[in-house]
Amino acid sequence: MGESFLAGSAFYPFSFLGVGEGAALLAAFLWAAATLMFGRLGQRLSPLVLNIAKGVCAIAMMLLTLGIQFATVGWPSLPFRSVMYLAISGALGIGLGDTAYFSAINALGARRALLLETLAPPMAAILAWVFLAEKLSLEAITGIVITLLGIAWVISERVSGEIRQATSAGVRISLLATFCQAAGAVLSRAALAETTVSPLWSSVIRLFAGLVFMSALALSRSEYLDPSSASVTKPSKYASERNISGSDFEASSTASSVLSPARSVSAKTIVRIRWQRTMTSLRSPRLLASVAAAAFFATYLGIWLQQIALKHTATGIAQALLATSPLFVIPMVAILGEKLSWRAVLGVAVSLGGVWLLLFAK
């Protein structure tokens with residue numbers, strides 16, 4: 001239902017393309033716009049908290065949409081195998097993958113994280129070839145390679161004033177995110193291709209599974225609640241103890257505890273302070289509005305469109321088109337006043353040539 005409405009909508013800018021290819025490009029555009037918002041939100045919320053918050057907002061929007069649909073189409077048929085594939089896909093791709101990706105942005109910077117993320121489409125194509133027997137034409141493979149080379153050329157450009165240094169831990173986190181995204185896409189394709197499962201229902205199942213995974217992580221490892229946590233694999237044990245201020249101690253412990261060293265504070269007190277900080281941040285109406293807006297574009301619409309793309313086109317092609325977000329970011333930052341280099345412009349042109357080959361070569 002969602003994809004038929006999309007293809008026939010006057011607001012669908014890629015109606016001259018196939019539904020899957022057009023949905024992938026539209027999702028990439030929305031993710032690009034949301035990326036500019038996530039950069040600011042990441043300064044106030046940890047990667048895990050940001051991922052959970054936007055997931056809760058998005059799943060509420062999806063359930064509202066399903067409630068409206070239920071009045072006309074009723075309860076759908078959901079094969080057990082498809083549900084299991086989608087649940088694993090959500091835990092990997094959304095729960096672990098997105099959280100690792102936000103951590104990679106904190107650890108490496110957006111450009112390096114995006115550069116390593118371009119490994120996801122070829123990785124997904126290989127996994128789909130091995131496990132789903134999907135074969136791509138020579139033109140499609142060439143288009144994927146050209147598109148990714150153009151993207152890599154753009155985002156690997158050195159930027160003056162960039163102070164983050166690539167670390168082995170940051171690279172490992174980014175590669176983990178890349179693998180999770182690729183595996184999640186292949187599992188979604190396996191659940192959606194040649195089945196009656198709708199992209200909206202697959203989005204809900206994946207998002208719910210991702211939220212369960214992230215909630216379990218937050219409850220078991222409270223250090224991931226800190227905005228300073230840059231890793232989902234090995235955060236510093238005392239990261240928050242070094243950042244807890246005297247006023248925080250005064251609000252939660254006795255005067256004698258305030259005067260004692262940070263490491264003498266009980267583990268329960270530290271956990272409680274972490275949760276208090278997180279809940280205090282989430283009480284900000286402006287912050288919640290920003291999270292809800294980003295969730296609407298990046299998660300509610302973005303994941304829905306991603307699932308439409310994976311249902312209607314091959315995994316490698318869908319992932320390559322979904323990876324074009326950096327190309328959409330470039331004109332956006334130009335509008336905001338950032339100067340563009342010739343390298344960025346030429347890189348976009350190269351990638352667009354690859355996209356053309358993917359979409360129109362026969």
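See above for the structure.
A quick note: this is a predicted structure, and the numbers were derived from the prediction, not measured.

Basis of the calculations
Residues numbered from 1 in each chain as written. Predicted model: local features only at pLDDT ≥ 70, side-chain atom pairs only at ≥ 80, totals over all residues. Heavy atoms only, no water. Helix = DSSP H or I, 4+ residues; strand = E, 2+ residues; numbered from the N terminus. Buried < 20%, exposed > 50% of the residue type's maximum accessible area, 1.4 Å probe, protein only. Contact = heavy atoms within 4.5 Å. Areas by Shrake-Rupley, 256 points an atom, 1.4 Å probe, with all protein chains shown as cover. Phe/Tyr/Trp six-rings, centres within 6.5 Å; stacked < 30°, edge-to-face > 60°. Axes fitted to C-alpha atoms, helices over the stretch in contact; angles between N-to-C directions. Parallel < 35°, antiparallel > 145°, perpendicular 65-115°, else oblique. Left-handed = near helix turned anticlockwise from the far one by under 90°. Nonpolar A, V, L, I, M, F, W, Y, C, P; charged D, E, K, R; others polar. Salt bridge = Lys/Arg side-chain N within 4 Å of Asp/Glu carboxyl O. 1 Å grid on protein atoms, 1.4 Å probe; cavity = no way out; pocket = protein on both sides within 12 Å on 5 of 7 lines; lining within 4 Å. Points joined across faces, edges and corners; volume = space filled by probe spheres on them. Core = buried A, V, L, I, M, F, W, Y, C linked by side-chain atoms within 4.5 Å. Expected span 1.5 Å × (residues − 1). Patch = residues over 30% accessible without salt bridge, like charges linked within 9 Å, V, L, I, M, F, W, Y side chains within 5 Å.

Concerning the overall build of the chain
Part 1 of the reasoning: When its secondary structure is counted, the chain shows 17 helices and 0 strands.
Part 2 of the reasoning: Across the 362 residues of the chain, 50% fall into the buried class.
Part 3 of the reasoning: The long-range share in the chain, meaning contacts at least 24 apart out of those at least 6 apart in sequence, stands at 85%.
Part 4 of the reasoning: Element-wise, carbon and sulfur atoms account for 67% of the exposed surface of the chain, whose accessible area totals about 17,500 Å².

Topic: the packing of aromatic side chains
Part 1 of the reasoning: This model, assessed by the stated rule, comprises 4 aromatic pairs.
Part 2 of the reasoning: The interplanar angle of 80° and the centroid separation of 5.1 Å between the aromatic rings of Phe296 and Phe297 together place this pair among those described as edge-to-face.
Part 3 of the reasoning: When its relative accessible area of 35% is taken as the criterion, Phe297 is described as partly exposed.
Part 4 of the reasoning: Judged by centre distance (5.8 Å) and plane angle (65°), the rings of Tyr300 and Trp304 are edge-to-face. Highlighted residues: Tyr300 and Trp304, both in helix H14 (residues 285-312), separated by 4 residues, approximately one helical turn. Take Tyr300 and Trp304: they sit in the same class, and that class is buried.
Part 5 of the reasoning: Connected via pairs of aromatic rings, a cluster forms that spans Phe296, Phe297, Tyr300 and Trp304.

Details of the packing of helix H6 (residues 120-131) against helix H8 (residues 168-192)
Part 1 of the reasoning: Packing of H6 against H8 leaves a shortest axis separation of 8 Å and a crossing angle of 45°. The angle between H6 and H8 falls in the class oblique. The hand of the H6/H8 crossing is right-handed. Here Ala120, Met123, Ala124, Leu127 and Ala128 of H6 come into contact with H8, specifically with Thr178, Phe179, Ala182, Ala183 and Val186.
Part 2 of the reasoning: Grouping the constituent residues of the contact of H6 with H8 by class yields 9 nonpolar, 1 polar and no charged.

A closer look at the pattern of salt bridges
Part 1 of the reasoning: Considering all chains together, one arrives at 2 salt bridges under this definition.
Part 2 of the reasoning: Taking the shortest distance from any N to any O, the salt bridge between Lys54 and Asp98 comes out at 3.9 Å. In this pair, Lys54 sits in helix H3 (residues 47-73) while Asp98 sits in helix H4 (residues 80-108), placing the two residues 44 residues apart along the sequence. For the residue pair Lys54 and Asp98, the accessibility class agrees, reading buried in each case.
Part 3 of the reasoning: The residue Arg189 makes a salt bridge to Glu134 at a minimum N-O spacing of 2.7 Å. In this pair, Arg189 is assigned in helix H8 and Glu134 in the loop between H6 and helix H7 (138-155), connecting sequence segments 55 residues apart. A single burial state applies to Arg189 and to Glu134, both of which are buried.

Describing empty space enclosed by the protein
Part 1 of the reasoning: In this structure the tally under the stated criterion is 1 cavity of 30 Å³ or more.
Part 2 of the reasoning: The space that makes up the largest cavity amounts to roughly 30 Å³.
Part 3 of the reasoning: Every residue along the wall of the largest cavity is listed here: Ala125, Ala128, Glu134, Leu136, Thr315 and Gly316.
Part 4 of the reasoning: Within the residue set of the lining of the largest cavity, elements represented by two or more residues are H6 and helix H15 (315-322).
Part 5 of the reasoning: Grouping the constituent residues of the lining of the largest cavity by class yields 3 nonpolar, 2 polar and 1 charged.

Observations regarding unusual backbone geometry
Part 1 of the reasoning: Despite not being glycine, Ala133 shows a phi value in the positive range, around 60°.
Part 2 of the reasoning: Classification of Ala133 by relative accessible area gives exposed; the value is 58%.

What about the nonpolar core?
Part 1 of the reasoning: Residues Leu48, Met62, Leu207, Leu305, Leu321 and Leu358 are the most contacted members of the largest nonpolar core, which totals 56 residues.
Part 2 of the reasoning: Among the elements that make up this core, the one with the highest residue count is helix H9 (residues 199-220) (9 residues).
Part 3 of the reasoning: When neighbours within four sequence positions are excluded, Leu358 is seen to be in contact with Ala140, Gly143, Ile144, Thr147, Ile317, Ala320 and Leu321.

Comments concerning helix H13 (residues 267-282)
Two residues of an α-helix separated by three or four positions point the same way, owing to the 3.6 residues in each turn.
Part 1 of the reasoning: Here H13 spans 23 Å end to end across 16 residues, near enough to the 22 Å set by a 1.5 Å rise per residue.
Part 2 of the reasoning: Every buried residue belonging to H13 is among Thr269, Ile270, Ile273, Arg274, Thr278 and Ser281, and all of these are buried.

Points about helix H16 (residues 325-335)
Part 1 of the reasoning: Listed in full, the buried residues belonging to H16 are Ser325, Pro326, Leu327, Val329, Ile330, Met332 and Val333.
Part 2 of the reasoning: In the segment just after H16, Gly337 is the residue with positive phi, at about 110°.

Topic: the packing of H7 against H15
Part 1 of the reasoning: H15 packs onto H7 with a crossing angle of 25° between their chain directions and a minimal axis gap of 10 Å. Put simply, H7 runs roughly parallel to H15. Of the two elements, H7 crosses H15, and the hand of that crossing is left-handed. Mapping the contact onto sequence places Ala140, Ile144 and Thr147 in H7 and Gly316, Ile317 and Ala320 in H15.
Part 2 of the reasoning: Grouping the amino acids of the contact of H7 with H15 by side-chain chemistry returns 4 nonpolar, 2 polar and no charged.

Side note on a nonpolar patch on the surface
Part 1 of the reasoning: A surface patch of nonpolar side chains, about 590 Å² in accessible area, is lined by Trp153, Leu340, Trp342, Val345, Leu346 and Val350.
Part 2 of the reasoning: With respect to the helices and strands, the residue Leu340 is situated in the loop between H16 and helix H17 (342-360).

Observations concerning the side chain of Asp98
Part 1 of the reasoning: For Asp98, a relative accessible area of 16% translates into the label buried.
Part 2 of the reasoning: Contact partners of Asp98, with chain neighbours within four places excluded, come to Asn51, Lys54, Gly93 and Gln181.

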